[in-house]
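Single-letter residue listing:
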Amino acid sequence: MAKNPDTQKTVTQRLLQPLVIPLLAILTSLIIGALVIIFTAENPLVGLQKVATGYWGIIDGALFRRNGITNTLVATTPLILTGLAVAIPFQAGLFNIGAEGQFIIGAFVGTMTGIYLDLPPVIHAIIVMIAGFTGGALWGFIPGFLRARLGAHEVINTIMLNFVGILLVNFAVRGPFKDPNTTSIQTLPIQESAEMLRIAGRLHLGFFVAIIVAAIMYYFLFRTTWGFSLRTTGQNPDAAEYAGIRPKNEYIKSMVIAGGLAGLAGVLEVQGLTRVLTEGFASGYGFDAIAVSLLALNNPLAIIPAAFVFGILRIGGDFLQIRAGLSIHIVSILQALILLFVSATAIVRYLYRLKLDTNNEGAALSRGWGG
Amino acid sequence: MTPVLEARGLTKRFPGVVANDSVNLTLHKGKILALLGENGAGKTTLMNMLYGLYHPTEGEILINGKPVRMDSPNDAIAAGIGMVHQHFMLVPVMTVTENIMLGVEETRGFLSRLPLLGRLDRKKVADEIRALSQKYNLALNPDDTIKDLSVGIQQRAEIIKALYRKADILILDEPTAVLTPQEADELFEIMHNLTAQGVSIIFITHKLKEVLAVADNIAVLRGGKMVGTADPKTSTEESLAALMVGREVLLRVKKDEAHPGDVVLDVADLVVEDDRGQTAVDHLNLQVRAGEIVGIAGIQGNGQRELVEGITGLRAIKNGRVTLGGANITHMLPRQVTELGVAHIPEDREKHGLVKNYPIADNIVLNQYYLPPFANGPVLNQPVIDQKATELVAEYDVRTPSIYTHAGSLSGGNKQKVIVAREFSRPTKLLIANQPTRGVDVGSIEFIHNQIVAQRDAGTAVLVVSAELDEVLGLADRVAVMFDGRIVKILPASEATRERVGLLMAGSDQ
Amino acid sequence: MDFVILAGLLQLTVATATPIALGAYAGLFSERAGVVNIAIEGMMLMAAMVGAFVSGYTGSLFWGVIGGLLSGGLMAALHAVVSIRFKTDQIISGTVINFMAAGLTGHIYQIYLVPPRWPGSAGTFPEMPIPVLSKIPFIGPIFFQHQPIVYLMLILTGVIHYVLFYTPWGLRMRAVGEHPRAADTLGINVYFTRYANVIIGGLLAGLGGIWLSLEWVGTFNINMTNGRGFIALAALIFGRWTPFGAFGAALLFGLANAIQIRTQTLNPDIPAEFLQMLPYVLTVVVAAVRRPIPPAAVGQPYETE
């Protein structure tokens, strides 16, 4: 992988510099978010008060209250995996907005095996995880294949497949697979043998699965030939082709892995938390993933802390709502702002008059619609 | 007599670079001033200042003796300056008329009172174009779409575009780079027609013969400085070359007699299509033997790119057969072709040759990264990769702070050396070099040429494709002239004169 | 099939094609000038909310329209600044706009568009049959018996065709989208051209959003655009970046929508989810069958020398 060429720089500089932009991005987002709250409140003073209680609510609720930190880690778990599901295609030059659909299809396929297969404990749980991965991988394969073979743009297709996936699962949950014993719209619970081990509070083994997967993905991307060919495709598909790499295969590969990881995220939610699949199950993990991935500059290891930041926003968001009487949508606004400032680094550099050497060359996505 | 255009002490500084250093320039009415300089000498920067695209750091520009300030091309156009860029500034999907009227549209109808929303008067403009093309003897159909026109005709559209804007000073930036010698002669005739009617021309080039043929005055730029002026009547190619590069250079490639061996590359009846699905390589036959250099001469766009991409597996082959040392490689994937011992210097190094955000080290193994010793199974062996890169950077004299420097930050010559290092450092049966020295400084050109000859002498079959006729003539043992997708003639080096090859390139059979 | 039922279905087709067509025209202005626009969805959503908000609080549909248009234009201006001035990847910039719109509309909805504060909606535009023309059998109801924004959309199709292919404005816009450097060397301001056209696109997307809240539903619902902005983009691509092509594609999606609505009321046995899927599946199919040839410079930030 690429090493930092500038040996003249001190170690601290090298460690801190990549953090400057993300941290300033978060700070700027919080400031603008505060302005939104103040301007939409009854009067500025009340608004200011809401900002204080709301923001403190996020921190307190997500980190310091009883079960705060475990709940935050629980929310971090799917964000790590869906974040990777966005990052891997990014590295190959594709934009996967479809993690949401892949998440829910994976959860569905996994849940089915969790309900209807009879297997011994550990093995059953693993099979269910594999099934979840496979379901998501299939849902990722479709746009990957369409892009590779027909040049259909993945941005449109992944968004469309989100709608289709959600509607499919809604149909399944309301219709053929509805639990007849309850009035709520949900499937039967998965068998106990398929569940994830609980560690503390709601925190389950899935968190460690996610951490390990992130490490594997880092190794895959930067230390293996498979990752080399994938990244080369993302950086320069023409040069990749010249070098004997087949970009079409890389596109499909990256989307299959991505879909699988999002599917794994979905099924782990069932195995570790809900045991059943409900309508509206995905709840935006696939969309938050985009900001997570970009905040981490698409680096699998950096995705872990980035997902943690978004986990804090997710869990803390409830406290912002309860304590300050603000809408949960404030959190969405904050997320959108963070996404804006981490991707538009030029804005952050402009706002803070920074002169950094930017080695932040992600793969260019907007190559037009031609494929 | 007041010069029509004068530049006094023009200086342009970019962060860390002085691109132009107090340059003086004088152009007289109805004359052709040749501006000579090698790549990177600062010619383009100078012209961009004259055309209002750059603002000079210091110095002034005078038109007819009056100082003018040019902040945008609009100011230059208003001052009567027209520019024909090296890469044409024409919108391919639009017609000649649309391209020419763009920015100075004529409208009609009652909506014309609204800014920019009147109905375009294409007919009126087309008529004016016809009148201009008659006046200056430049045949051109205003209703044709640009992308359907040959390069020579597109260039006429560019010239008329400037004349339509009432330009009386024309800047032609490397206008002959994409023309056949015959087309170039036609252009020179056009230039003389223009000057006869009072137009003054700045003619930018690095081709010495052309300068001597058409210029009234010569100015030579080197390293951003004006190093001298010359009179074409008293100058020779050698004296101009010395002025241009600052030292005596070899215009000829040094090489001994070739000793060709067995046929390595055999292309039979090859048909390849271009991106639009048109036949680009049309039942082509060609053989290259071990230990010889076959040079392909031809104007760009006659199927050279498709031929190379067809051989290397980058483009689908519609018909015919390609064999390499007896092995059929017709429908092989690029990787299989590479593994059989084909090295390929691609035409466009930025697009195909390098990953600019990768360090040099990774670019050095771009097509071998998965092979031992660079990988153990699927795991990259970075120390070995780095070591290989360190060796090759030294051997091929790549000027870089480190092997971890991103390839994109290197100069053109050093980028090309990285590619050459990668392609020449593995066992090769066939070397395909497409535009091996395009946009490369003189020192690197010499280096790369010597390396190519060394490959030949080591027994490699070499196929050189170049738009620079002199490069082909200098390197090749046999010259294959390509026209309209076919090899129209193969000449031994001894019979390949510029004139003869030039005629063949234009499709004229003798 | 009964002619009356068919005419009714096609009338509904034209009506529900309206936001898709307007969204596609929004994309057309932006992309023909070289800026990828996947933010149509967000611009529409924002305009739908602001339209409902302003008309509800002022009691005037007219001011609702003005507010909606301006908000669409404002979102577009943000997209323009981020992608043109700050040269951020245009697809990411668009994604930001979409998220921002979802968050902001949700936030304001919860504060101002639900009781007790909400004064109630100002209703929808009335149907305005065109005299005489609406009486033509079959054709009449399909094209001449609609609410005003539908007519506006139909008229705009022709107007945009004229502007794009027959005026200096259109010529410059297309030149900037195909070869910005060439336009620049002729003294055309590439940045101005891009800003102006992206913002015009925002106004059109805004009109599409207003259709949703002030002509179709009569109020604002969370995420009420439901992917229409993305479907519009697919229509634009399928229509090869031309107004009539996009209009035709929008009719196709309108038809899928109309069939869904009609079938759902006629045959309640077919699961609603599958009918709702129709436009989305159609989009995937449509995107796959036709290889697009986009404006050459779309997606590339422009840098003056």
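What you see is a predicted model; the values in this text were computed from it and never measured.

1. Quick look at the pairing of strand S11 (residues 217-222) of chain B
Residues and elements named next belong to chain B.
Turning to step 1, where the next piece is worked out: Pairing analysis gives four bridges linking strand S3 (residues 32-36) to S11, with the strands arranged parallel. Pairing of Ala34 across the sheet is with Ile218, part of S11.
Turning to step 2, where the next piece is worked out: The hairpin formed by S11 and strand S12 (residues 225-230) contains two residues between the paired strands, and Gly223 there has a positive phi angle of roughly 55 degrees.

2. As for the sheet that holds strand S5 (residues 66-68) of chain B
Residues and elements named next belong to chain B.
Turning to step 1, where the next piece is worked out: Reading across the sheet, the four strands line up as S2-S1-S4-S5 and stay open at both edges, with antiparallel pairing between neighbours. Every interior strand has two partners, whereas the edge strands, strand S2 (17-27) and S5, have only one. Each adjacent strand pair in this sheet contributes to an overall mean axis angle of 30 degrees, direction not counted.
Turning to step 2, where the next piece is worked out: Packing of helix H1 (residues 43-50) onto the sheet brings it into contact with strand S1 (5-14), S2 and strand S4 (58-63), and relative to S1 it is tilted by some 115 degrees.

3. Quick notes on the packing of helix H3 (residues 68-91) of chain A against helix H12 (residues 303-324) of chain A
Residues and elements named next belong to chain A.
Turning to step 1, where the next piece is worked out: Taken N-terminus to C-terminus, the directions of H3 and H12 make an angle of 130 degrees; their axes are 7 Å apart at the nearest point. Classified by the angle their axes make, H3 and H12 are oblique. At the point where H3 passes H12, the crossing takes the right-handed sense. Counted together, Gly68, Asn71, Thr72, Leu73, Ala75, Thr76, Leu79, Ile80, Gly83, Leu84 and Ala87 of H3 and Ile303, Ile304, Ala306, Ala307, Phe308, Phe310, Gly311, Ile312, Arg314 and Ile315 of H12 form the full contact between these two elements.
Turning to step 2, where the next piece is worked out: Considered class by class, the residues forming the contact of H3 with H12 number 14 nonpolar, six polar and one charged.

4. Focus: the pairing of strand S21 (residues 430-434) of chain B
Where a strand is regular, its side chains alternate between the two sheet faces.
All names here are of chain B.
Turning to step 1, where the next piece is worked out: Counting buried positions along S21 yields five of five residues, so the element is predominantly enclosed.
Turning to step 2, where the next piece is worked out: Both faces of S21 are covered, namely the face carrying Leu430, Ile432 and Asn434 and the face carrying Leu431 and Ala433.
Turning to step 3, where the next piece is worked out: Sheet topology places strand S18 (residues 342-345) next to S21; four bridges connect them, and they run parallel. Note on S21: the bridge partner recorded for His344 is Ile432.
Turning to step 4, where the next piece is worked out: In this structure, S21 lies alongside strand S22 (residues 461-465), joined through five bridges in parallel fashion. For Asn434, the partnering residue across the bridge sits in S22 and is Val465.
Turning to step 5, where the next piece is worked out: Once you follow S21 into helix H15 (residues 442-457) and on to S22, the crossover reads as right-handed.

5. Some words on the interface of chain C and chain B
Turning to step 1, where the next piece is worked out: Taken together, the 18 residues of chain C in the interface contact 23 residues of chain B.
Turning to step 2, where the next piece is worked out: Secondary-structure elements contributing two or more residues to the side of chain C that touches chain B are helix H6 (148-166), helix H7 (168-178) and helix H8 (180-185) of chain C.
Turning to step 3, where the next piece is worked out: Here the side of chain C that touches chain B gets six residues from one element, more than from any other, and that element is H7 of chain C.
Turning to step 4, where the next piece is worked out: Taken together, the residues of the side of chain C that touches chain B sort by class into ten nonpolar, four polar and four charged.

6. Remarks on the confidence of the model for chain A
Turning to step 1, where the next piece is worked out: On average, residues of chain A score 88 in pLDDT, and 91% of them are at 70 or above.
Turning to step 2, where the next piece is worked out: Residue range residues 358-363 of chain A is modelled with pLDDT below 50. Its contacts to residues more than four positions away, or to other chains, number eleven contacts.

7. A few points about the interface of chain C and chain A
Much of the literature gives interface size as the accessible area that the parts lose upon coming together.
Turning to step 1, where the next piece is worked out: At the interface, 44 residues of chain C touch 41 residues of chain A.
Turning to step 2, where the next piece is worked out: The set of elements that each furnish at least two residues to the side of chain C that touches chain A consists of helix H4 (90-112), helix H10 (228-238) and helix H12 (272-289) of chain C.
Turning to step 3, where the next piece is worked out: Examining the composition of the side of chain C that touches chain A, we find that 15 residues originate from one element, H4 of chain C, more than from any other.
Turning to step 4, where the next piece is worked out: Its residues assigned to classes, the side of chain C that touches chain A comprises 29 nonpolar, eleven polar and four charged.

Cut-offs used in this document
Residues numbered from 1 in each chain as written. Chains lettered and ligands numbered in written order. Predicted model: local features only at pLDDT ≥ 70, side-chain atom pairs only at ≥ 80, totals over all residues. Pairing = 2+ DSSP bridges. Helix = DSSP H or I, 4+ residues; strand = E, 2+ residues; numbered from the N terminus. Axes fitted to C-alpha atoms, helices over the stretch in contact; angles between N-to-C directions. Contact = placed C-beta atoms within 7 Å. Parallel < 35°, antiparallel > 145°, perpendicular 65-115°, else oblique. Left-handed = near helix turned anticlockwise from the far one by under 90°. Nonpolar A, V, L, I, M, F, W, Y, C, P; charged D, E, K, R; others polar. Buried ≥ 20, exposed ≤ 12 C-beta atoms within 10 Å, placed from the backbone. Right-handed = clockwise from strand over helix to strand, strands pointing away. pLDDT = per-residue confidence, 0-100.

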